[in-house]
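Each chain, written out:
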Amino acid sequence: MLVINLKSDTHRSGHKLPVHTGILSVFFILFILPLVTCPLWGQVVQTQNLTPENYHKWGRLLLDKISGDENWAAFKMFYKNKPDTLFVRSTEKDKTYSFPSSKKSAFTSENFVSLSGKEMHVLNLKTGNTETINGVSDFVYLKANDMLAVILYDDGKNKTLILKTPSGKTIKTIYHFQDLSIDPLGKNLIYAVKENGKSSLFLMNLKNASDKIVLADYDGSCSNFAWQKNSESVAFNRSAKSLISAFVHYYQLNTNRLYSIDSEKLHFSSESYITDNRNFKLLISDDGQHVFFNYKIKDSAAEPNTESPVEIWNGNDKWAYPEEQDMGQFEKSPKIALWNPFSDTVIAVTDAEFPSLMLSGDQKYALLSNPKAYEPQWEMDSPRDFYIMNLESAEKKLCIEKQNAQPRNSLFSPGGKYIAYFKENNWWIYNISSQKHICITKNIKTKFTGRVQLLDPESHWGAAGWTNGDKEILLYDQYDIWAVRCDGSSFSRLTHGSETKTKYRIPEFLDDSVKNYRYDGLKTNSFDINKDLILR
């Protein structure tokens with residue numbers, strides 16, 4: 001890893017930028033494989049053929065996590081694609097601890113916690129002593145308060161939640177526990193309990209373990225918790241026996257006020273009902289003004305089971321039969337609606353005509369499309385027409401026609417001002433407010449396409465993200481990173497890789513591939529290029 005200073009305030013319009021490089025720090029975990037050596041020079045090593053009887057000795061070693069002080073690393077060994085043993089090794093001393101069949105782990109400030117079966121092991125990394133707690137269903141590490149939330153099996157019907165310090169001190173015990181969720185800042189915990197057939201939902205301040213009631217004595221269960229980015233509000237589903245009585249709730253922490261909507265308020269369709277489908281999680285807009293939730297159409301739920309061993313394949317169908325059955329029945333699949341809790345208004349965002357959704361960085365606009373629009377065809381992914389929808393007025397219109405559907409080909413800026421898309425071997429910007437399309441790379445004397453994938457003759461090298469305030473987009477050519485103004489007026493080459501055929505990239509973290517998706521679109525990051533930036 002290099003830390004590169006990308007500062008420049010004068011060089012524009014394609015001129016080279018001075019780049020100051022310096023190695024800040026490099027951390028490598030080396031797992032050294034034993035080498036077969038010859039005791040005498042010239043002696044021939046007798047090799048053995050690999051046979052199926054030896055296959056079970058081969059496995060994969062994967063990094064699990066690193067402690068906050070970087071003095072310990074946890075890594076897991078897999079055999080036959082199944083986890084076998086979790087190892088915790090010191091990066092400074094020759095110390096290693098092992099936890100067979102570990103399914104979950106966490107580093108606390110001074111300890112390492114591992115869950116194997118129903119046993120939770122708490123290893124003190126300073127002393128090497130281990131505490132074992134039996135009957136554990138699950139645990140969550142509350143980093144902001146250096147606390148463990150441990151869920152214990154009770155009598156087979158109920159569970160108990162215990163809040164404790166990693167050293168073993170119990171802070172609070174909650175009986176008849178059902179479910180919990182922790183806010184993004186780690187300051188609050190929302191949890192449900194059920195007693196005598198009725199459930200209640202509480203909010204706990206983790207600093208002093210004090211509770212206040214959110215929802216009391218309700219039927220059904222609460223699930224699918226989703227927090228606002230700044231932890232000021234939380235939304236959740238509440239199930240019920242009748243589809244029409246299913247709820248979405250929105251709770252503001254500072255006002256202690258609860259807002260609710262049920263299926264009867266879905267006025268855009270009398271046949272719609274709220275569902276808590278886990279494939280599309282609830283989402284609160286960053287400004288806390290809207291909640292995105294799931295709905296379905298009643299007719300699809302009421303249809304009788306008509307499974308038949310006969311499959312009818314038709315060459316003129318949009319999708320082949322298996323793909324259609326698995327992903328193509330848009331009338332039956334869950335869809336997304338938008339609710340404003342304060343005005344109590346709801347609009348349908350996706351439907352059977354436009355089932356695919358990408359959200360802008362500020363969640364005020366959506367790009368809608370239909371994956372079948374240009375099917376059948378021979379490419380792996382069919383192009384699509386993208387329609388932009390104003391989520392305040394529900395107005396939508398055609399934005400990008402017959403565009404490649406790969407997620408990295410169409411990107412919203414983090415601030416929600418622009419859509420960047422790659423078409424006709426160039427990067428384009430759509431300005432949402434002015435509704436204008438601008439080709440921003442036509443005057444740059446470099447190619448932004450190449451043999452990126454072995455089986456793809458040519459595609460773009462990618463976009464790293466944006467600079468603060470959506471001012472510039474950061475684009476890759478084969479070797480370098482370019483900062484290009486969103487109106488195409490100027491551009492800068494931030495690195496000098498082409499001279500030495502050195503490829504510079506902003507590294508993505510291991511879990512970014514999951515976290516960076518919002519529905520069907522990729523979230524993009526902002527970078528301050530006036531400060532040091534870690535490059536790969």
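Here goes a summary of the coordinates provided. (Residues numbered from 1 in each chain as written. Predicted model: local features only at pLDDT ≥ 70, side-chain atom pairs only at ≥ 80, totals over all residues. Heavy atoms only, no water.)

In this section: the sheet that holds strand S34 (residues 436-439). Strand order across the open sheet formed by four strands is S31-S32-S33-S34, with antiparallel pairing between neighbours. Whereas interior strands pair on both sides, the edge strands pair on one side only; in this sheet they are strand S31 (410-412) and S34. Going from strand to strand, the sheet's axes swing by 20° on average, the running direction of each strand aside. Pairing between S31 and strand S32 (residues 418-423): three bridges, direction antiparallel. Bridge assignment links Ser 410 to a residue of S32, and that residue is Tyr 421. (Pairing = 2+ DSSP bridges. Helix = DSSP H or I, 4+ residues; strand = E, 2+ residues; numbered from the N terminus. Axes fitted to C-alpha atoms, helices over the stretch in contact; angles between N-to-C directions.)

It is worth spelling out unusual backbone geometry at this point. Cis peptide bonds are those with omega within 30 degrees of zero, and the linkage from Glu 375 to Pro 376 qualifies with -5°. Here Pro 376 lies in the loop between strand S28 (365-369) and strand S29 (384-390). Phi angles above zero are rare outside glycine, and Asp 217 is one such case at about 50°. Since its relative accessible area comes to 55%, Asp 217 is described here as exposed. (Buried < 20%, exposed > 50% of the residue type's maximum accessible area, 1.4 Å probe, protein only.)

What follows is about the packing of aromatic side chains. Two numbers describe a pair of aromatic rings. These are the distance of the centres and the angle of the planes. Counted under the stated rule, the structure contains 18 aromatic pairs. With centroids separated by 6.3 Å and ring planes inclined at 25°, the aromatic side chains of Trp 313 and Tyr 321 adopt a geometry described as stacked. Taking the relative accessible area as the measure of exposure, Trp 313 reaches 54% and is therefore exposed. Between Trp 482 and Phe 491, the ring centres sit 6.2 Å apart and the planes meet at 50°, which makes this aromatic pair tilted. On the basis of relative accessibility, which here comes to 7%, the residue Trp 482 falls in the buried class. (Phe/Tyr/Trp six-rings, centres within 6.5 Å; stacked < 30°, edge-to-face > 60°.)

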